[in-house]
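Structure at a glance
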Amino acid sequence: MVTEAAVWDALAEIPDPEIPVISLVDLGVIRGVDVDAQRVRIEFTPTFLGCPALEVMKGAMEEQIRALGGEPEVDVVLDDSWSTDRITPEGREKLRAAGFAPPAPREAAPPKLIQLQSQAFRCPYCGSTDTKLENIFGPTPCRSLRYCTSCRQPFEQFKTI
Amino acid sequence: MSERATQLLQIADDELILGWRDSEWTGIAPNLEEDVAFSSIAQNEIGHARALYELAARDLGTTADELAFDRAPHEYRCAGIVEHRFADDWARTIARHWLYEAADAVRLEALKASDDTEVAGLAAKIDREEVYHRMHADMWEERLRDEPRFKEAVEELWPQALALLPEDKRATLAQRLNVPSNSLLLSGREERSDDFASLWEEMTIVRRSIPGAVW
């Protein structure tokens, strides 16, 4: 008998393919789990629509469910339910520890360039806010590049979306 | 074809073809930061195209890949502005980028307010990402706005940017761009250019090499 709790535990073991320190559950992309006898339905929403890891994540979820003895059905939901605010507090801490500055909380209005250019972003290495924007874009769509003037370390900032 | 599928396909085609053009800067942009930026923007646009094609594909009983790559050139419905090959011409690339993002913002605002919750939800998700494209485009427009080559490029391209939108939205865009909303200069979505023909050849060449293969 597959239980919902067992499914969540299994999903919490799947690393994000691009930032393996954080799991899919930490990332907040699992929108719901529904268990009906052996059938396990997972609602999953991508972070960025162009994320190339979508299929990899789907495959990893299916594999975990089969390992539990369930029959997986993963539905990709293309609505507006994901925002970086859904990353869990544990997930944010794991990001910071790995050198990625976690996203700033989303406000009522979308982020503005002037905010990105401000010094409100903290360096994940030394904690200084004496940091500057180097590039709105980065190695993956979800990240920007910043530079810490205090410890002279470039770092990646998770975009707020 | 339903009005919804027609509209989804037009927008998806715009995003796919522009994403393709943006990706041509990968490796040859004027500096590394722009290489990174245009590669990311291209990836986002193609991601948006994929999601829009998926929604359309459900209505049409087909798949996103078939819509993206298995149509004949004359079946695509992108606006002419996204077809031009501008790689090696930074002024025109930025002019198009700035005009396109402005038009796309008007389009997304309307879609987000749509009664169709699937379309509205997807538009809202797309818009979260487009915020960063607009920042990037506005940053460059501010930097280049007094440069003669950039001004010429904007002059040349704005009428084509209006063609990205349905007629009732063009006045809004013209007002934001501070240009006359002259629809006489418009090209539509029916005609394909020579630039499109060569793009299509390249974009579909691998897929056409083994029809029906599972990749």
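Residues numbered from 1 in each chain as written. Chains lettered and ligands numbered in written order. Predicted model: local features only at pLDDT ≥ 70, side-chain atom pairs only at ≥ 80, totals over all residues.

**Section: the interface of chain A and chain B**
- Across the contact, 18 residues belong to chain A and 26 residues belong to chain B.
- Classifying every residue of the side of chain A that touches chain B by side-chain character gives eleven nonpolar, three polar and four charged. (Contact = placed C-beta atoms within 7 Å. Nonpolar A, V, L, I, M, F, W, Y, C, P; charged D, E, K, R; others polar.)

**Some words on the domain arrangement of chain A**
All names here are of chain A.
- Domain annotation of chain A identifies domain 1 (4–76) and domain 2 (99–158).
- The C-alpha centroid of domain 2 is placed 29 Å from the C-alpha centroid of domain 1.
- Facing the five residues of domain 1 at the interface are four residues of domain 2.
- Residues of the side of domain 1 that touches domain 2, tallied by class, amount to two nonpolar, two polar and one charged. (Domains from an automatic or database assignment.)

**Overview of helix H1 (residues 3–23) of chain B**
- The end-to-end C-alpha distance of H1(B) is 30 Å, a good match for the 30 Å that 21 residues give at a rise of 1.5 Å each.
- With 16 of 21 residues buried, H1(B) is to be regarded as a mostly interior element. (Helix = DSSP H or I, 4+ residues; strand = E, 2+ residues; numbered from the N terminus. Expected span 1.5 Å × (residues − 1). Buried ≥ 20, exposed ≤ 12 C-beta atoms within 10 Å, placed from the backbone.)

**Topic: the sheet that holds strand E7 (residues 153–158) of chain A**
- Across the sheet, four strands lie side by side as E4-E7-E6-E5 (chain A); this open sheet has mixed pairing. Either end of the sheet is taken by a strand with one partner, and the two such strands are strand E4 (100–101) and strand E5 (131–135) of chain A. (Pairing = 2+ DSSP bridges.)

**Comments concerning the packing of H1(B) against helix H2 (residues 32–60) of chain B**
Residues and elements named next belong to chain B.
- It is the contact of H1 with H2, at a shortest axis distance of 8 Å, that shows an interaxial angle of 155°. By the angle class used here, H1 and H2 are roughly antiparallel. Taken as a pair, H1 and H2 cross one another with a handedness that is left-handed. (Axes fitted to C-alpha atoms, helices over the stretch in contact; angles between N-to-C directions. Parallel < 35°, antiparallel > 145°, perpendicular 65-115°, else oblique. Left-handed = near helix turned anticlockwise from the far one by under 90°.)

**What to know about the environment of B:His133**
Residue and element names in this part refer to chain B.
- Inspection of the secondary structure assignment puts histidine 133 in helix H5 (residues 117–144).
- Sequence separation between histidine 133 and leucine 164 is 31 residues, and the spatial gap between their C-alpha atoms is 17 Å.
- Ignoring sequence-local partners within four residues, the contact set of histidine 133 consists of Ile41, Asn44 and Glu101.

**Comments concerning the packing of helix H4 (residues 90–112) of chain B against helix H7 (residues 167–177) of chain B**
Residues and elements named next belong to chain B.
- Between H4 and H7, the shortest axis-to-axis distance is 10 Å and the interhelical angle comes to 135°. Compared by their axis directions, H4 and H7 come out oblique. Crossing handedness for the pair H4 and H7: right-handed. On H7, the residues touching Ala102, Ala103, Val106, Arg107 and Ala110 of H4 are Lys169, Thr172, Leu173, Arg176 and Leu177.
- When the residues that make up the contact of H4 with H7 are grouped by side-chain class, the tally is six nonpolar, one polar and three charged.

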